[in-house]
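A look at the structure
The chain contents come next:
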Amino acid sequence: MKVVSPSTMRELDRKAIEDMNVPGIVLMENAGREVALAVKRLWDEDPLKKKRKVVLFCGKGNNGGDGFVAARHLANMGFEPIIFLVAEPEAIKGDAAINYHIILNMDISVIIIESGEDLDRAREHCGDAAAIVDALFGTGLRGEVQGTGRQAIELINSLDVPVVAVDIPSGISGETGKVLGAAVRARETVTMALPKMGMVLYPGAAYAGKIIVADIGMPSSILKSVKAEAELLEKDQVAGLFKPYPPDAHKGTFGRVFILAGSAGMTGAAALCSLAAARSGAGLVTLGTPESLNDIMEAKITEVMTLALPETPQRSFSIKALEKALEFSSRCDAAAIGPGLSRQDETRDFIRQFVAACPVPMVIDADGLNALAEKPEILAGLKVPAIITPHPGEMARLLSTDAGAVQEDRVGAVREATKRFKCTALLKGARTMIAAPEGSLWINPTGNPGMATGGSGDVLTGIIAAFLARGMEPWEAAAAGAYIHGLAGDLAAAAKGEISLIASDLLDFLPEAFSKFEARSSNTQPIDG
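For the structure given in this document, a descriptive report is provided here. (Residues numbered from 1 in each chain as written. Predicted model: local features only at pLDDT ≥ 70, side-chain atom pairs only at ≥ 80, totals over all residues. Heavy atoms only, no water.)

Thoughts on helix 11 (residues 267-279)
The cut-off we apply is this: Secondary structure elements follow DSSP: runs of H or I of four or more residues count as helices, runs of E of two or more count as strands, with numbering from the N terminus. Expected span of a helix: the number of residues minus one, times 1.5 Å. In this analysis, two residues are considered to be in contact whenever any of their non-hydrogen atoms come within 4.5 Å of each other.
In a regular helix each residue adds 1.5 Å, so 13 residues correspond to 18 Å; helix 11 covers 18 Å between its end C-alpha atoms and thus fits that length. Each element contacted by the buried residues of helix 11 is listed here: strand 10 (256-260), strand 11 (284-290), helix 12 (294-300), helix 20 (456-469) and helix 22 (503-515).

Below, the structure is given as structure tokens:
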């Protein structure tokens, strides 16, 4: 599903109105009706159905105009709408003004909010309301909310009444999801035509509640042709990346993965990554491990082969492991490097030289990224496709900034990384992002806070490596990996709760995650005995 910025949405509105001759007031009419229907659905969920009052907080712009239309439809449905206008009536223009005068002609109650005292009176009306409609600011907000607008938002949030936001919760930046001083916490958000970036990204996503994408009559040709800022991954899109198993498949069909991971005290990272690759359909998985840890790993991961490699006195990879590791990787279809490798100086040299010379597509994570942070030119000079999978701290080191700056502009950070390093970049965190070198950006909707636990990223690396080995393009492997990783986490959390979730739970729930959209062979011929 396409996700757009406010500026792109304004351009879509312009094309619909000017190029396709769709009157703006028709779009506003459809938007307001969808908001009213959302309120009606919320009301239908109330088994007592006693309250019929609906309070609408409206501003002067088109967002407020949508609220005026919603009030009219709610009145026609038998509700008792009351509008609190946080603006001077004279400031309402265009289509919004037309709909404002309609509700005045219908004798729908309008109370103008000019001061804190007016808001105190509004509180009295809100307490027994069935729902509140937030139609204050929409996506056009610039700068922090102040004055009566901010007081209105704080009033709405203080009430135990379900809120339906129009297009985006007031106070949320439509570009970044940032809270602009204060923002409405909605039960549901009815967004028009396409979701906006600010309601998909955190923290805005936490304020939007359930998102309803409303059809407001925007011509489909415009929606199909728009170059959106991002795409929200969907189940059907991910399912389409998996091809049916051929009936004559063998283990070589699904690729060979070589994983370089682990050091003393961090064998768990190596095991999680390797088992995740095996669970994700790789035909053969080999773990390269420091030689003194090899016996431990052989006992720990039965389905994964191991390759003992020369080590340092600290039991991490030695530079002497390089030749053997590169030779073995040449016989594989994909490699993964980084989980639990340590930051030993010699090991860092090994990582840099292996990455620079690796002959097959690879996933680089964790200590692999830390080793490259001081020599990022290695990434930019790679001759094979690569996927980097940093968390915000690792991304900050790669971009010579700090984690706070990365989180402040996650979109900018992941785009900068893929541009600078000429590889596919996956930025971990709530709403993981995947950016491809040609500029495309995907946002992953799966996953939950319980996955913020040690080892979770190692599982993701293994999943992506398996997909690379199976022949997926780097962006496909990264996007599918993020989606399935998050889905496994959601299934695990549903069964065990978020608090108790650990990384190995993700391995346990990978089969169920794959079963949600696994492509199966249609060519196998049954034999009747």
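Digging into the environment of Gly450
Threshold: Exposed residues in this analysis have more than 50% of their type's maximum accessible area, buried residues have under 20%, and partly exposed residues fall in between, with area computed by a 1.4 Å probe over protein chains only.
Tracing the sequence through the fold places Gly450 in the loop between strand 18 (441-443) and helix 20. You can call Gly450 buried: its relative accessible area is 9%. It is 7.9 Å that separates the C-alpha atoms of Gly450 and Ile502, two residues lying 52 residues apart in sequence. Those residues in contact with Gly450 that sit more than four places away from it in its chain are Glu498 and Leu501.

Description of the sheet that holds strand 1 (residues 2-3)
Rules: In this analysis, strands are considered paired if DSSP registers two or more bridges between them.
The 11 strands are arranged 1-9-18-17-16-15-14-13-10-11-12 in an open sheet whose pairing can be described as mixed. The open sheet has two free edges, formed respectively by strand 1 and strand 12 (305-309), since each of these has just one partner strand. Relative to strand 13 (residues 334-337), strand 10 runs parallel, the two being bridged by four bridges. Residue pairing for strand 13: Leu260 is matched across the bridge by Ile337.

Some thoughts on a nonpolar patch on the surface
Quick note on the threshold: In this analysis, a patch consists of residues with relative accessible area above 30% that form no salt bridge, clustered at 9 Å for like charges and at 5 Å for the nonpolar side chains Val, Leu, Ile, Met, Phe, Trp and Tyr. Where accessible areas are quoted, they stem from the Shrake-Rupley method and a 1.4 Å probe; at the residue level, only the protein chains shown are allowed to cover. The working definition used for a salt bridge is a side-chain nitrogen of Lys or Arg within 4 Å of a carboxyl oxygen of Asp or Glu.
A surface patch of nonpolar side chains, amounting to about 200 Å² of accessible area, comprises Met1, Ile211 and Val213. Locating Val213 in the fold gives a position in strand 8 (residues 210-214).

Re helix 20
In this model, helix 20 (14 residues) spans 21 Å end to end at C-alpha, consistent with the 20 Å of a helix rising 1.5 Å per residue. Counting buried positions along helix 20 yields 14 of 14 residues, so the element is predominantly enclosed. Positive backbone phi, at 105°, marks Gly471, one or two positions downstream of helix 20.

A short note on the sheet that holds strand 6 (residues 163-166)
The following threshold applies: Between N-to-C directions, angles cover 0 to 180 degrees, with each direction set by a line fitted to C-alpha atoms, over the stretch in contact for helices.
The seven strands lie next to each other as 4-3-2-5-6-7-8, forming an open sheet whose pairing is parallel. Each edge of the open sheet is held by one strand with a lone partner, namely strand 4 (109-112) and strand 8. Each strand of the sheet is rotated relative to its neighbour by a mean of 20°, with strand direction disregarded. Taken together, the six bridges between strand 2 (residues 53-58) and strand 3 (residues 80-85) define a ladder with parallel strand orientation. Directly across from Leu56, in strand 3, lies its bridge partner Ile83. On the sheet, helix 3 (residues 62-76) packs against strand 2, strand 3, strand 5 (131-135), strand 6 and strand 7 (188-192) and is oriented at approximately 165° with respect to strand 2.

Some remarks on the pairing of strand 4
Selection criterion: Here, the term right-handed applies to a crossover whose path from the first strand over the helix to the second runs clockwise when the strands point away from the viewer.
Taken together, the four bridges between strand 3 and strand 4 define a ladder with parallel strand orientation. When the bridges of strand 4 are listed, Ile83 appears paired with Val110. Where the polypeptide runs from strand 3 across helix 4 (residues 94-105) and back to strand 4, its parallel neighbour, the crossover connection is right-handed.

Let's talk about the pattern of salt bridges
On inspection of all chains with the given rule, the structure shows 19 salt bridges. Close ionic contact of Arg331 with Glu327 constitutes a salt bridge, the shortest N to O distance being 2.9 Å. For Glu374, the salt bridge goes to Arg352, with nearest N and O atoms at 3.4 Å. In this pair, Glu374 sits in the loop between helix 15 (367-372) and helix 16 (377-380) while Arg352 sits in helix 14 (residues 345-357), placing the two residues 22 residues apart along the sequence.

Here's the deal with the side chain of Asp505
Tracing the chain through its elements places Asp505 in helix 22. Beyond its immediate chain neighbours, meaning those up to four positions away, Asp505 contacts Ala492, Lys496 and Ser500.

Thoughts on the nonpolar core
The test is simple: What is meant by a nonpolar core is a set of buried Ala, Val, Leu, Ile, Met, Phe, Trp, Tyr and Cys residues, joined one to another through side-chain atoms within 4.5 Å.
Membership of the largest hydrophobic core comes to 61 residues, with the highest contact counts inside it found for Phe350, Ile364 and Ile388. Broken down by element, the residue count for this core peaks at five residues, all from helix 19 (residues 410-421). With residues up to four places along the chain from it excluded, the contact list for Ile364 reads Ile337, Val355, Leu369, Leu372, Leu379, Ala386, Ile387, Ile388 and Thr389. Listed in part, the 60 residues of the second largest apolar core include Phe242, Ala466, Met472 and Ala493.

Some thoughts on the packing of helix 20 against helix 22
We apply this condition: In this scheme, a crossing is called left-handed if the near helix is turned counterclockwise away from the far one by less than a right angle; it is called right-handed if the turn is clockwise. Note that Gly is not counted as nonpolar here; it falls among the polar residues with everything else outside the nonpolar set of Ala, Val, Leu, Ile, Met, Phe, Trp, Tyr, Cys and Pro and the charged set of Asp, Glu, Lys and Arg.
At a minimum axis separation of 9 Å, helix 20 and helix 22 run at an interaxial angle of 40°. Note that helix 20 runs across helix 22; the crossing there is right-handed. Along the contact surface, helix 20 presents Ser456, Val459, Ile463 and Phe467, while helix 22 presents Ala503, Leu506, Leu507, Leu510 and Phe514. Partitioned by chemical class, the residues of the contact of helix 20 with helix 22 number eight nonpolar, one polar and no charged.

Some points on the pairing of strand 7
Along strand 7, five of the five residues are buried, which leaves the element largely enclosed by surrounding structure. Residues of strand 7 alternate between two faces, with Glu188, Val190 and Met192 on one and Thr189 and Thr191 on the opposite face, all of them buried. With three bridges connecting them, strand 6 and strand 7 associate as parallel partners. Paired with Val164 across the strands is Glu188, a residue of strand 7. For strand 7 and strand 8, the ladder comprises five bridges, and the chain directions are parallel. Bridge pairing in strand 8 links Thr189 to Ile211.

Side note on the state of the cysteines
Heads up, the rule is: The definition used for a disulfide is geometric: two cysteine sulfur atoms within 2.5 Å.
Enumeration over the complete set of coordinates arrives at zero disulfides. With no disulfide of its own, Cys58 lies closest to Cys126 among cysteine sulfurs, the gap being 12 Å.

With respect to the packing of helix 2 (residues 24-44) against helix 3
Put simply, the rule reads: For this classification, under 35 degrees means roughly parallel, over 145 means roughly antiparallel, 65 to 115 means roughly perpendicular, and everything else is oblique.
Closest axis-to-axis distance for the helix 2/helix 3 pair is 7 Å, and the angle between their directions is 55°. The angle between helix 2 and helix 3 places the two elements in the oblique class. Here helix 2 and helix 3 pass one another in a crossing that is right-handed. The residues of helix 3 that touch helix 2, namely those facing Met28, Glu29, Ala31, Gly32, Arg33, Val35, Ala36 and Val39, are Asn62, Gly65, Asp66, Val69, Ala70, Arg72, His73 and Leu74. For the contact of helix 2 with helix 3, the per-class residue count stands at eight nonpolar, four polar and four charged.

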